[in-house]
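Spelled out from the first residue to the last, the chains are:
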Amino acid sequence: MSTQLLAAGPGFEAPGPGDFEFPPLFGEGTFFTKPMLIVVIGTIVIAAFFYAAARNPRLVPGKLQFAGESAYGLVRNSIVIDSIGTKYGKKFVPYIVTLFFFILALNISGIIPVLQFPASSKIAIPAFLAIISWIIYNWVGISRQGFVGYFKAMMFPPGVPWPIYFLLAPLELFSTFIIRPFTLALRLAMNMFAGHLVLLLCILGGEYMLTEGTGALPFLSPIGFLGGIILTFFEGFIQILQAYVFALLSALYIAGAMEAEH
Amino acid sequence: MDGSLNMVGYGLAAIGPGVGIGLIFAAYISGVARQPEARGTLQGIAILGFALAEALAIIGIGLAFAL
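For clarity, every value in this text was computed on a predicted model and none was experimentally measured.

Thresholds, definitions, all that
Residues numbered from 1 in each chain as written. Chains lettered and ligands numbered in written order. Predicted model: local features only at pLDDT ≥ 70, side-chain atom pairs only at ≥ 80, totals over all residues. Heavy atoms only, no water. Axes fitted to C-alpha atoms, helices over the stretch in contact; angles between N-to-C directions. Helix = DSSP H or I, 4+ residues; strand = E, 2+ residues; numbered from the N terminus. Parallel < 35°, antiparallel > 145°, perpendicular 65-115°, else oblique. Nonpolar A, V, L, I, M, F, W, Y, C, P; charged D, E, K, R; others polar. UniProt positions renumbered as here; feature names shortened; annotations may be inferred. Core = buried A, V, L, I, M, F, W, Y, C linked by side-chain atoms within 4.5 Å. Buried < 20%, exposed > 50% of the residue type's maximum accessible area, 1.4 Å probe, protein only. Contact = heavy atoms within 4.5 Å. Patch = residues over 30% accessible without salt bridge, like charges linked within 9 Å, V, L, I, M, F, W, Y side chains within 5 Å. Areas by Shrake-Rupley, 256 points an atom, 1.4 Å probe, with all protein chains shown as cover. Salt bridge = Lys/Arg side-chain N within 4 Å of Asp/Glu carboxyl O. Buried area = accessible area lost by both parts, 1.4 Å probe. Phe/Tyr/Trp six-rings, centres within 6.5 Å; stacked < 30°, edge-to-face > 60°.

Glancing now at the packing of helix 8 (residues 165–212) of chain A against helix 9 (residues 217–258) of chain A. Residues and elements named next belong to chain A. Helix 9 packs onto helix 8 with a crossing angle of 170° between their chain directions and a minimal axis gap of 7 Å. The angle between the axes of helix 8 and helix 9 places the two elements in the roughly antiparallel class. Across the contact of helix 8 with helix 9, the residue classes tally to 19 nonpolar, twelve polar and four charged.

Written out as structure tokens, the structure is:
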């Protein structure tokens, strides 16, 4: 077959989910793997950046303070204030800003040399963040509308003929409690997973064609490398977008739990 | 090449969300073109719709690797 001839010779091992498993860094049986190292490094870098930017505030900001302020202000204005509103949104600015920059650091490590692995493609990290968001928006809904009021507003939105509620109420319950956190976590993890896999495929495929290919294959390998370079830039864009989407959806869920009728 | 049939299935399954995302952003663009001051409101709604449509494709690739 032509696919056999071009892409997958007998020696080529296509990258798969196995490339996302890492051995422990320090000896056998310990739990500290490369994704955990990336989490630690990302946390330290983000914390150091914001600490350095806010350590010595001046009325006329310097370069570093300006960078920190614009990064903070961007998330604050375009995500939190726009979706929740000025009055109630201020309380959630620290959480959403932390969420955005933590996810951004973990995502962007996928295209940083040496690290080269998006730690958020491990499902545990997005799942944990999604659980925190889930607890916060349910807590906000229950504390602002009361336990009965929250469930009533969620399952029985007004303005619908009553027979529809037999269908709508279970769907809304299912959607709010299971679908939302599930898709929130799975979207981030699978976007990073698929992007990293595509990059691996381009680079490893180009390398295999160059070193082991026969006939015309070595001359086709620049296509693989070129695809890898272009997709790296595309990945950078996707990684920023996914951090934005995660933070925005968390803010929108909080905003939805806050109002009595949506 | 094992798992290739899964990927063919995933490619077919991604057509639907692809069309949906295209429609969502087409509506967003024409909305902003008609009323540029509504951009902030529309952006949130557009990203929300995009994320919901994309979730289908994402579940698809998750299942393509899991099953």
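Right, picking up where we left off after that structure.
Now for the UniProt feature "domain: V-ATPase proteolipid subunit C-like" (unreviewed entry) in chain B. The UniProt record annotates "domain: V-ATPase proteolipid subunit C-like" (unreviewed entry) at residues 10–66 of chain B. For residues 10–66 of chain B, helix accounts for 91% and strand for 0%, while the C-alpha atoms at its two ends are 12 Å apart.

What follows is about the nonpolar core. Residues Ile79(A), Ile84(A), Phe92(A), Ile96(A), Phe100(A), Phe246(A) and Ile254(A) are the most contacted members of the largest nonpolar core, which totals 61 residues. Sorting the residues of this core by element identifies helix 3 (63–84), helix 5 (93–108), helix 6 (124–145), helix 7 (147–155), helix 8 and helix 9 of chain A together with helix 3 (39–66) of chain B as the ones contributing at least two each. Counting residues per element, this core draws most heavily on helix 9 of chain A, which supplies 15 residues. Setting aside residues up to four positions removed in sequence, Phe246(A) forms contacts with Leu99(A), Ile103(A), Pro126(A), Leu129(A), Ala130(A), Ser133(A), Leu184(A) and Leu188(A).

All names here are of chain B. Side chains of Leu5, Val8, Leu12, Ile15, Val19 and Leu23 sit close together on the surface and give an oily, nonpolar patch of about 650 Å² of accessible area. By the secondary structure assignment, leucine 23 is in helix 2 (residues 15–34). Assessed through its relative accessible area of 60%, leucine 23 is described here as exposed.

This paragraph deals with the interface of chain B and chain A. Contacts between chain B and chain A engage 15 residues on the former and 17 residues on the latter. Across the chain B to chain A interface the summed buried area is about 1,400 Å²; carbon plus sulfur atoms make up 81%. Joining chain B to chain A, the criterion identifies one salt bridge. For Glu54(B), the salt bridge identified is with Arg187(A), shortest N-O distance 3.6 Å. In the side of chain B that touches chain A, the residues fall into eleven nonpolar, three polar and one charged.

So, about unusual backbone geometry. Residues and elements named next belong to chain A. One non-glycine residue, valine 114, lies in positive phi territory at about 75°. Inspection of the secondary structure assignment puts valine 114 in the loop between helix 5 and helix 6. With a phi close to 50°, glutamine 116 is a non-glycine residue in the positive phi region.

This part covers the packing of aromatic side chains. Residue and element names in this part refer to chain A. On inspection of all chains with the given rule, the structure shows 16 aromatic pairs over all chains. Both rings, one in phenylalanine 50 and one in phenylalanine 101, keep their centres 5.0 Å apart while their planes meet at 70°; by these two values the pair is edge-to-face. With phenylalanine 50 in helix 2 (residues 34–54) and phenylalanine 101 in helix 5, the pair connects residues that are 51 residues apart, well separated along the chain. What makes phenylalanine 50 partly exposed here is its relative accessible area of 22%. Centre to centre, the rings of tryptophan 134 and phenylalanine 177 are 5.9 Å apart; their planes meet at 70°, and the pair counts as edge-to-face. Of this pair, tryptophan 134 sits in helix 6 while phenylalanine 177 sits in helix 8, placing them 43 residues apart in sequence. For tryptophan 134, a relative accessible area of 28% translates into the label partly exposed. Connected via pairs of aromatic rings, a cluster forms that spans Trp134, Phe147, Tyr150, Phe151 and Phe177.

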